[in-house]
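The chain contents come next:
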Amino acid sequence: MSSSIDLNLVRELEQRAFRAWPALETHSAYGWLQRFSGGYTKRANSINAVSPKSDLTLEMKNELEAPYAGRGAPAVWRLSPLAPAGSDALLAQAGYRSIDRSLVQRAPLDDRYRRDPEVAIDSAPSPAWLAGFAELSPVASSHRETMARMLASIAAPVGFAHVEDAGRPVAFALGVVDGDHVGLFDVLVSPTARRRGLARRITQTIGAWGRENGARYMYLQVVATNTAALPLYAALGFETVYSYAYRVS
């Protein structure tokens, strides 16, 4: 990642990702976005800097966390380069630990992105897609209804990709087109179907599908320690634009 971060591009990709994976409820204060989704995923239940006008103070922190406490939920802070300087240190001093540093990467959709005939893309998830995705993710049974509601709320064009083996889906991913970008989310492959290049094939197919729907770039988010995925994405032209991490109590 370059030492010089384009904050306009960061803001653009952050907004695209928020739209692509919408929370069930959102509020904003002090230029921070509060996302609520019944506890399903950290990202959809986190506090995110969007356009803060001042540094984060302890009073602002407590006010932004209050709605989570009122719901009996933990406060999760997701700190991107849009967070004011000092935010991370303030949360660290308050006893919050940093977890899951992730990279936001982007690639141009070039000739490496072609449809694979074994990868199907549907405009809505089938019951088998939902069940298989929830099993591999994994999604707790108490969160499956929330997951389905969130997926149903994604604005088109959205593609639910899968590969079947003996009539059973064994690989999954989600693609969401927003203008000239397509977001790639949650590439999952069953342990029984690994070492067949399915992650690469499903990624390339979503890229091709995105290009058919007007996209020129693909973006994704990958945990920085995912040594299996990073070489694949590098081979497909992905470069890191910025990183973010969570602070949790």
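All of the points below concern the structure found in this document.

The rules behind the values
Residues numbered from 1 in each chain as written. Predicted model: local features only at pLDDT ≥ 70, side-chain atom pairs only at ≥ 80, totals over all residues. Heavy atoms only, no water. Salt bridge = Lys/Arg side-chain N within 4 Å of Asp/Glu carboxyl O. Buried < 20%, exposed > 50% of the residue type's maximum accessible area, 1.4 Å probe, protein only. Helix = DSSP H or I, 4+ residues; strand = E, 2+ residues; numbered from the N terminus. Pairing = 2+ DSSP bridges. Axes fitted to C-alpha atoms, helices over the stretch in contact; angles between N-to-C directions. Parallel < 35°, antiparallel > 145°, perpendicular 65-115°, else oblique. Left-handed = near helix turned anticlockwise from the far one by under 90°. Contact = heavy atoms within 4.5 Å. Nonpolar A, V, L, I, M, F, W, Y, C, P; charged D, E, K, R; others polar. Polar contact = N/O pair within 3.5 Å; in protein donor to acceptor, adjacent residues only side chain to side chain. Phe/Tyr/Trp six-rings, centres within 6.5 Å; stacked < 30°, edge-to-face > 60°.

**Some thoughts on the pattern of salt bridges**
Item 1. Under the defined criterion, the tally for this structure stands at 16 salt bridges.
Item 2. Between R112 and D110 there is a salt bridge; the shortest N-O distance is 2.6 Å.
Item 3. Using a relative accessible area of 25% as the deciding quantity, one classes D110 as partly exposed.
Item 4. Across the pair E118 and R201 runs a salt bridge, and its minimum N-O distance is 2.9 Å. Taken as a pair, E118 in the loop between β5 (97–108) and β6 (119–122) and R201 in helix α6 (residues 198–212) lie far apart in primary sequence, 83 residues in all.
Item 5. Salt bridges sharing partners connect three or more residues here, namely E12, R16, R19, D178, D180 and R216.

**Observations concerning the sheet that holds strand β1 (residues 25–29)**
Item 1. Pairing is mixed across the open sheet formed by 11 strands, whose spatial order is β1-β2-β3-β4-β11-β5-β10-β9-β8-β7-β6. Lying at the two open borders of the sheet, with one neighbouring strand each, are β1 and β6. Taking the axes of each pair of neighbouring strands and ignoring which way they run, one obtains an average angle of 25° across the sheet.
Item 2. Bridge count for strand β7 (residues 158–165) against strand β8 (residues 168–178) is eight bridges, and the pairing is antiparallel.

**A closer look at the packing of helix α4 (residues 127–136) against helix α5 (residues 144–152)**
Item 1. At a minimum axis separation of 11 Å, α4 and α5 run at an interaxial angle of 120°. Comparing the axis directions of α4 and α5 gives the class oblique. Seen along the crossing, α4 lies across α5 with a hand that is right-handed. Residues W129, L130, A131, F133, A134 and E135 of α4 form the contact with α5, whose participating residues are R144, M147 and L151.
Item 2. Tallied by class, residues from the contact of α4 with α5 come to seven nonpolar, no polar and two charged.

**Let's talk about α4**
In an α-helix there are 3.6 residues to a turn, and that puts residues three or four apart on one side.
Item 1. What α4 keeps buried is the set W129, G132, F133 and A134.
Item 2. On its buried face, α4 sits against α5, β7, β8 and β9 (181–189).

**Overview of the side chain of K61**
Item 1. Residue position: K61 is located in helix α2 (residues 58–70).
Item 2. Judged by its relative accessible area of 6%, K61 is buried.
Item 3. Engagement of the side chain of K61 in a polar contact is seen with the side chain of N62, the distance being 3.4 Å.
Item 4. At 3.0 Å, the side chain of K61 and the side chain of E65 are in polar contact.
Item 5. Sequence-distant contacts of K61, that is, excluding residues within four places in its chain, are made with L56, W77, L90, L91, A94 and Y96.

**Here we look at the packing of aromatic side chains**
Item 1. Tallied over the entire structure, the rule returns nine aromatic pairs.
Item 2. An angle of 20° between the planes, with centres 6.3 Å apart, marks the rings of W21 and F185 as stacked. Within this pair, whereas W21 is found in the loop between α1 (7–20) and β1, its partner F185 is found in strand β9, the two being separated by 164 residues in sequence. In this structure, W21 and F185 share a single accessibility class: buried.
Item 3. Pairing F185 with Y219 gives two aromatic rings, centres 6.0 Å apart and planes at 90°, and the pair type is edge-to-face. Note that F185 is positioned in strand β9 and Y219 in strand β10 (residues 217–223), a separation of 34 residues in sequence.

**As for unusual backbone geometry**
Item 1. Along the chain, S137 connects to P138 via a cis peptide bond; the corresponding omega equals -20°.
Item 2. Residue position: P138 is located in the loop between α4 and α5.
Item 3. A cis amide bond, omega 0°, links A156 with the succeeding residue P157.
Item 4. With a phi angle near 60°, Y30 is a residue other than glycine that sits in the positive phi range.
Item 5. Relative to the helices and strands, Y30 resides in the loop between β1 and β2 (32–36).

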